[in-house]
Amino acid sequence: MSPCAGVTTCSDECLTPVADRAGSGDRAAELQDIVDDVSGLLDSPVVLEDTGFTLIAYSSQGVDVDPVRAASILGKTATPAVRAWFEERGIATATGPVRVPGDPERGIAARCCLPARSQGVTHGYLWVLEPAAGFASGRLALAEPLARRAGQLMASHRRVVDTQQQLVTDLLSGDEVVASAARTALAARGDLPADGPVAVVVVRAALGTGTSSVVTQVVSAADDPVDPLGPAVRRASRLVGEQVDGSRRAGIGVPRTDVRELAAARHEADSAARVALARPRLGPVLRWSDLGFYRVAGQGAAAVEALVAGTPAALLRSRAEAELVRTALVYLDHAGHAAGTAAALSVHRQTLYYRLEKIQQLCGVDLDDGESRLQLHLGLALTEVLPYLR
């Protein structure tokens, strides 16, 4: 594979296959063939998902696909509510086909789940929409060997993923001996070049008022002499762009050649991803080198709390409702441009002026004074980031 392809380690959920190694393409093609064969055998549309309900492959779906399946294909995964509903049917531990009744209120048509298992472990699910007349006698049994083959292929892929995840974890450990051995192993596998700068990409997703670490990748930064971070930016953009809900953001650390410094690069990338989540207007992918004053996020929540404690923003947040705080931040983000702020907030300009006057009274600032505006803006911007640092 190309050295710039990079490798992945996941904390909670993988967004993409780890790498397009030799063999991975063949495995994906065989899984697609299995899906198409099951679809032809049972004369019904089929999808293959892993146990996290991430889409792996799907057959031609026709025009009668139910809303849940359409959403899964478009979003490449099922919603938590849909996942829970299916798991309640015992699919995770089933050793054979599970008939799942339809639920019109949830937009779920009747279907059958064929567990893709290997050596007693479920690795995925083949979902087959049930025809109105049901499945022909004995047909489901004929499809079970195909489901077992899918399980074997997915188990093999999981072993590759686990090995790569451990190597990337070791590479980013900060321990020179461990990291050097990991880089040597990754180079031997064709995942990274043996030397040269490496960029770290971290993708995070919103989870309530905080974040969930989703995926970490290491990418060669030596393949683009004009823009060493170009491959990492393209990888990060592809990762966050795969999610239709736009809930994920990515950060990229400064490339490092010394393996002892890659742990710091990961910390930079992680901090940038958290800032990107907190401040969407900055873009879906942030480089540590472009963070400016937001680099203080890298010092952690305690440092940021101490920094904003004495600003007018802290006073405003303690006295005002969320609507006024939001108004102040949007107004300052728009450089004090009233028309742009009113449009962004979808309020009349007179309403905006009323709110701005109240903001000045509550936090004791003069919004016509540059120094006062700067303190308020910095404080509000950083307190937006705080929940994502905990």
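See above for the structure.
Residues numbered from 1 in each chain as written. Predicted model: local features only at pLDDT ≥ 70, side-chain atom pairs only at ≥ 80, totals over all residues. Heavy atoms only, no water.

Peer 1: Run through the overall build of the protein chain, naming residues and quoting values.
Peer 2: Counting its regular elements, the protein chain contains 13 helices and ten strands. Buried residues in the protein chain amount to 50% of all 390 residues. For the protein chain, the share of sequence-separated contacts (at least 6 apart) that also reach a separation of at least 24 residues comes to 62%. (Helix = DSSP H or I, 4+ residues; strand = E, 2+ residues; numbered from the N terminus. Buried < 20%, exposed > 50% of the residue type's maximum accessible area, 1.4 Å probe, protein only. Contact = heavy atoms within 4.5 Å.)

Peer 1: Can you explain the pattern of salt bridges? Please cite residues and give values.
Peer 2: As enumerated under the stated definition, the model contains 17 salt bridges in all. Of the charged contacts in the structure, one is a salt bridge between aspartate 270 and arginine 204, with a shortest N-O distance of 2.4 Å. Of this pair, aspartate 270 sits in helix α7 (residues 262-278) while arginine 204 sits in strand β7 (residues 198-207), and the two are 66 residues apart along the sequence. Summarising the burial analysis for this pair, aspartate 270 and arginine 204 share the class buried. Linking arginine 287 and aspartate 227 is a salt bridge whose minimum nitrogen-to-oxygen distance equals 3.4 Å. Within this pair, whereas arginine 287 is found in strand β10 (residues 285-287), its partner aspartate 227 is found in the loop between β8 (210-220) and α6 (230-241), the two being separated by 60 residues in sequence. Assessed through its relative accessible area of 23%, arginine 287 is described here as partly exposed. (Salt bridge = Lys/Arg side-chain N within 4 Å of Asp/Glu carboxyl O.)

Peer 1: Could you give an account of the sheet that holds strand β3 (residues 55-58), naming the residues involved and the relevant values?
Peer 2: Pairing is antiparallel in the open sheet, where five strands are placed in the order β3-β2-β6-β5-β4. Across the chains shown, the open sheet's two edge strands, defined by having one partner strand only, are β3 and β4 (98-100). The sheet shows a mean angle of 25° between the axes of neighbouring strands, direction not considered. In this structure, strand β2 (residues 46-50) lies alongside strand β6 (residues 121-129), joined through five bridges in antiparallel fashion. Counted as the bridge partner of glutamate 49 is tyrosine 125 from β6. (Pairing = 2+ DSSP bridges. Axes fitted to C-alpha atoms, helices over the stretch in contact; angles between N-to-C directions.)

Peer 1: Help me get a handle on a nonpolar patch on the surface, residues and values and all.
Peer 2: Taken together, the side chains of Phe293, Leu374 and Leu378 make up a nonpolar region of the molecular surface, amounting to roughly 240 Å² of accessible area. Mapped onto the elements, leucine 374 comes out in helix α13 (residues 370-385). Under the relative-accessibility criterion, leucine 374 is labelled partly exposed at 45%. (Patch = residues over 30% accessible without salt bridge, like charges linked within 9 Å, V, L, I, M, F, W, Y side chains within 5 Å. Areas by Shrake-Rupley, 256 points an atom, 1.4 Å probe, with all protein chains shown as cover.)

Peer 1: Could you give an account of α13, naming the residues involved and the relevant values?
Peer 2: Taking 1.5 Å per residue as the helical rise, α13 with its 16 residues ought to reach 22 Å, and the 23 Å between its terminal C-alpha atoms agrees with that figure. Summarising the contacts, the buried residues of α13 are in contact with α7, α8 (301-308), α9 (312-319), α10 (322-333) and α12 (349-363). Capping the start of α13, aspartate 369 holds a side-chain oxygen 3.4 Å from the backbone nitrogen of glutamate 371, two or three residues further along. (Expected span 1.5 Å × (residues − 1). Polar contact = N/O pair within 3.5 Å; in protein donor to acceptor, adjacent residues only side chain to side chain.)

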